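So the chains spell out like this:
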Amino acid sequence: MRTTTVSERERHEQASETLARLEREFTGESLFAQPGTGRREVVVARDLTRVYGKGDAAVHALAGVDIDITEGRLTAIMGPSGSGKSTLMHILAGLDQPTGGRVSIDGVEITRLKEKKLTQLRRDKIGFIFQSFNLLATLTADENIVLPLSLARRRADEAWRRTVIEAVGLQDRLTHRPAELSGGQQQRVAVARALITRPAVLFADEPTGNLDSRTGGEVLDLLRRSVDEFGQTVIMVTHDANAASIADRVVFLKDGRIELDEDRMTRDAIYDTIKNLEVPR
Ligand code: ADP
Ligand code: MG
């Protein structure tokens, strides 16, 4: 039988202590954690305003929005038509500049970046899913999925690529072009394309808007799984109470302001809240 000397055991213990300390010091958690939550804020927006037009015709699409988005959660943004949802999403994603206020993504203040740096940051840190899928018609499903990597001249991590393709269930459709896929399959390609770069945050704008309820449900399941299984941070704009009921947090906008900000809500509670918000003040 093998005997362990005291000094060997001591060395071993010392080594594990050192490892544990290094882990504490160098993991993102210890560097970025908010006290108490153990999770960091991936998107931070302060005092956002967005005015369209001038003078009497000015529309205050955002009238002072503060929002923090915690990593690894699914946040739904809801509100009546014209309440500022799209404007907010475009500004948080660096697709539009606010009139006032600031936005940081993954610690970088995007509202100060020049177009070239901003384009690079969007490519590296942000994934998008649109209502209308936005796939390239001439590319196969597989080519569409890895497109963000091709554009960034990055190679796909094979294991991750396989994981993502399996997660969206498109193993048998990889050589098909968008026209040969159903709407639900096309949106699943779009989800895979958004996940392939492991973005700091994935924005989804009405991702189920063009789908029937069954395929819409499949896409929602996928978004939920990307959060639960891959720790993906997701922000979803939707006016569908059913879609928002999969979220960890539901933020309601009205007239360019946050009217209500709640953790997990049932479909019925969301539906009632929307009805109340739609009553003019
Ligand atoms: P939502 O997505 O919640 O429907 P939007 O963010 O699209 O709301 O719009 C918020 C307000 O800003 C609305 O009153 C809308 O008419 C106005 N708006 C949006 N985009 C423009 C634009 N490009 N020019 C002028 N007004 C706009
Ligand atoms: Mg909109």
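Conventions and cut-offs
- Residues numbered from 1 in each chain as written.
- Chains lettered and ligands numbered in written order.
- Predicted model: local features only at pLDDT ≥ 70, side-chain atom pairs only at ≥ 80, totals over all residues.
- Core = buried A, V, L, I, M, F, W, Y, C linked by C-beta atoms within 7 Å.
- Buried ≥ 20, exposed ≤ 12 C-beta atoms within 10 Å, placed from the backbone.
- Helix = DSSP H or I, 4+ residues; strand = E, 2+ residues; numbered from the N terminus.
- Pairing = 2+ DSSP bridges.
- Near = placed C-beta within 6 Å.
- Nonpolar A, V, L, I, M, F, W, Y, C, P; charged D, E, K, R; others polar.
- Contact = placed C-beta atoms within 7 Å.
- Axes fitted to C-alpha atoms, helices over the stretch in contact; angles between N-to-C directions.
- Parallel < 35°, antiparallel > 145°, perpendicular 65-115°, else oblique.
- Left-handed = near helix turned anticlockwise from the far one by under 90°.
- pLDDT = per-residue confidence, 0-100.

This next bit is on the nonpolar core. In terms of nonpolar packing, the biggest core is built from 64 residues, with Ala192, Val201 and Met236 touching the most fellow members. Considering each element in turn, this core owes the most residues, six residues, to helix H7 (residues 183-195).

Where strand S1 (residues 41-52) meets strand S4 (residues 100-105), five bridges bridge the pair, whose relative direction is antiparallel. For Arg46, the partnering residue across the bridge sits in S4 and is Arg102. In this structure, S4 lies alongside strand S5 (residues 108-109), joined through two bridges in antiparallel fashion. Along S5, the bridge assignment pairs Ile105 with Val108. Adjacent in sequence and paired antiparallel, S4 and S5 are bridged by two residues, among which Asp106 carries a positive phi angle near 50 degrees.

Right, let's get into the site of ligand 1. Around ligand 1, the neighbouring residues are Tyr52, Gly53, Val59, Ala61, Gly79, Ser81, Gly82, Ser83, Gly84, Lys85, Ser86 and Thr87. Looking at the shell around ligand 1, the elements with two or more residues in it are strand S2 (59-70) and helix H3 (85-92). In terms of residue class, the shell around ligand 1 is built from three nonpolar, eight polar and one charged.

A few words now on the sheet that holds S2. With antiparallel pairing, four strands are arranged side by side in an open sheet as S2-S1-S4-S5. Since the sheet does not close on itself, it has two edges, and those belong to S2 and S5, each with one partner. The pairing of S1 with S2 spans nine bridges and is antiparallel. Of the residues in S2, the one forming a bridge with Ala45 is Ile67. Packing of H3 onto the sheet brings it into contact with S1, S2 and S4, and relative to S1 it is tilted by some 125 degrees.

Viewed as axis vectors pointing N to C, helix H5 (residues 141-151) and H7 meet at an angle of 30 degrees, and their least axial separation amounts to 7 Å. Taken together, the axis directions place H5 and H7 in an arrangement best described as roughly parallel. By crossing handedness, the relation of H5 to H7 is classed as right-handed. Residues Ala141, Asn144, Ile145, Leu147 and Pro148 of H5 touch H7, and the partners they reach there are Val189, Ala192 and Arg193. Grouping the amino acids of the contact of H5 with H7 by side-chain chemistry returns six nonpolar, one polar and one charged.

Below, the discussion takes up unusual backbone geometry. Within the chain, Arg198 stands out as a residue other than glycine whose phi angle is a positive 45 degrees. One can find Arg198 in the loop between H7 and strand S7 (201-205). Despite not being glycine, Glu206 has its phi angle at roughly 50 degrees, a positive value.

What follows concerns the confidence of the model for the chain. Residue-level pLDDT values for the chain average 90, and 89% of them are 70 or greater. Confidence scores differ between elements of the chain, with helix H2 (residues 28-32) showing the lowest mean pLDDT of 44 and strand S3 (residues 74-78) the highest of 98.

For the rest of this paragraph, the subject is the environment of Val108. Within the secondary structure layout, Val108 lies in strand S5. The exposure class assigned to Val108 is partly exposed, which follows from the 16 C-beta atoms found within 10 Å.

Attention now moves to the environment of Leu211. Take Leu211: it is sitting in the loop between S7 and helix H8 (213-230). For Leu211 and Gly183, which are 28 residues apart along the polypeptide, the C-alpha to C-alpha distance reads 6.5 Å. Once residues within four sequence positions are removed from consideration, Leu211 is found in contact with Gly183, Gly184, Gln187, Gly216 and Val219.

Right, let's get into the sheet that holds strand S6 (residues 126-129). Taken in spatial order, the six strands make up an open sheet running S6-S7-S8-S3-S9-S10, and their pairing is mixed. Edge positions in the sheet fall to S6 and strand S10 (257-263), since each of these pairs with one other strand and no more. For this sheet, the mean angle separating the axes of adjacent strands, direction not counted, is 20 degrees. Set on the sheet, H3 makes contact with S3, S7, strand S8 (234-237) and strand S9 (249-254); between it and S8 the angle comes to about 150 degrees.

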